[in-house]
Amino acid sequence: MLTIVCGGLLAWASEGLKERQQANIALEQKKNILATVMEVKDGDDVNAIYAKRVKAYVIDFNGNVKEGLTPNDVALGAEYKKSAEQRLLPVYEIVSETDVNKVESVVLPLFGFGLWDNIWGFVSLEHDMNTIQGVKFAHKGETPGLGARIDSEDIQSRYKGKKVFDGDNLVSVTMMKGEGNDYSSDQHKVDGMSGATLTGKGVNNMLKDYLNCYLNYIKKKKVNA
């Protein structure tokens, strides 16, 4: 009898912990999405801000909305294994604080592979669908002090204001090899990370790969910008 009771308590505790973990993961994702376009301070009600400012949906490679699906239905890791044309692509529109019909920017999820394991994140584009407003990168197993720096504000801030198009051509933004160089005059390059060339290449591949996945959507939005 004691074994049955203990087993039931453990199952109850495990389920409760799982729900809490899932809620924390969802909250962290909302925070990261918002952080690409605004400062998220300690104590901010992330759920409330997200509910007010974010419109989320899913598109296909052609930029068409997939009715009946939400970003919660999309596992980026699984989609990454598919060809670009077959992927489901979440979109997060950031609307004006005073006008929910005015889209100020869009946030697009990213997924790729670094030196050792998967890397992922978000890139936000301003209303012109060309200027990067912010990025958030994360990783599973990049080298501490080297490639793992992709999740630092120092690295991510380098992308702000950069352009992903050169005229009508999508060129993305390239993290260069080496560190300590000034690319402020180049709209499509950012300084690299010392000792982390392969992680930098992974970030470059991830960003360009997913911008290409969203290209048809971006072109449609640019026409209406």
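It should be emphasised that the depicted structure is a prediction, and the values quoted were computed from it without experimental measurement.

Asks: Lay out the packing of aromatic side chains with the relevant residues and their values.
Replies: This structure, assessed with the given rule, holds four aromatic pairs. Ring geometry for Tyr92 against Phe122: centres 6.2 Å apart, planes inclined by 80 degrees, an arrangement best described as edge-to-face. On the criterion of sequence distance, the pair formed by Tyr92 in strand β2 (residues 89–95) and Phe122 in strand β4 (residues 118–126) is long-range, its members being 30 residues apart. Take Tyr92 and Phe122: they sit in the same class, and that class is buried. Each ring, one from Phe137 and one from Tyr159, has its centre 5.4 Å from the other, and the planes form 85 degrees; the classification is edge-to-face. One end of the pair, Phe137, is in strand β5 (residues 132–139); the other, Tyr159, is in the loop between α4 (153–156) and β6 (165–166), and 22 residues separate them in sequence.

Asks: Which residues make up unusual backbone geometry, and what are the values?
Replies: One non-glycine residue with positive phi stands out, namely Met129, at about 60 degrees. Within the fold, Met129 resides in the loop between β4 and β5. One non-glycine residue, Ser172, lies in positive phi territory at about 65 degrees. Using a relative accessible area of 2% as the deciding quantity, one classes Ser172 as buried.

Asks: Before we move on, could you go through the pattern of salt bridges and cite the residues and values that matter?
Replies: Evaluated as defined, the whole model comprises eleven salt bridges. Between Asp154 and Arg149 there is a salt bridge; the shortest N-O distance is 3.2 Å. The class for Asp154 is partly exposed, based on a relative accessible area of 40%. Among the salt bridges present, the one from Arg158 reaches Glu179, with a minimum N-O distance of 2.9 Å. Of this pair, Arg158 sits in the loop between α4 and β6 while Glu179 sits in the loop between β8 (174–175) and β9 (189–190), and the two are 21 residues apart along the sequence. Within this structure, Arg149, Asp154, Arg158 and Glu179 form a network of salt bridges that share partners.

Here is what the cut-offs are and how they apply
Residues numbered from 1 in each chain as written. Predicted model: local features only at pLDDT ≥ 70, side-chain atom pairs only at ≥ 80, totals over all residues. Heavy atoms only, no water. Phe/Tyr/Trp six-rings, centres within 6.5 Å; stacked < 30°, edge-to-face > 60°. Helix = DSSP H or I, 4+ residues; strand = E, 2+ residues; numbered from the N terminus. Buried < 20%, exposed > 50% of the residue type's maximum accessible area, 1.4 Å probe, protein only. Salt bridge = Lys/Arg side-chain N within 4 Å of Asp/Glu carboxyl O.

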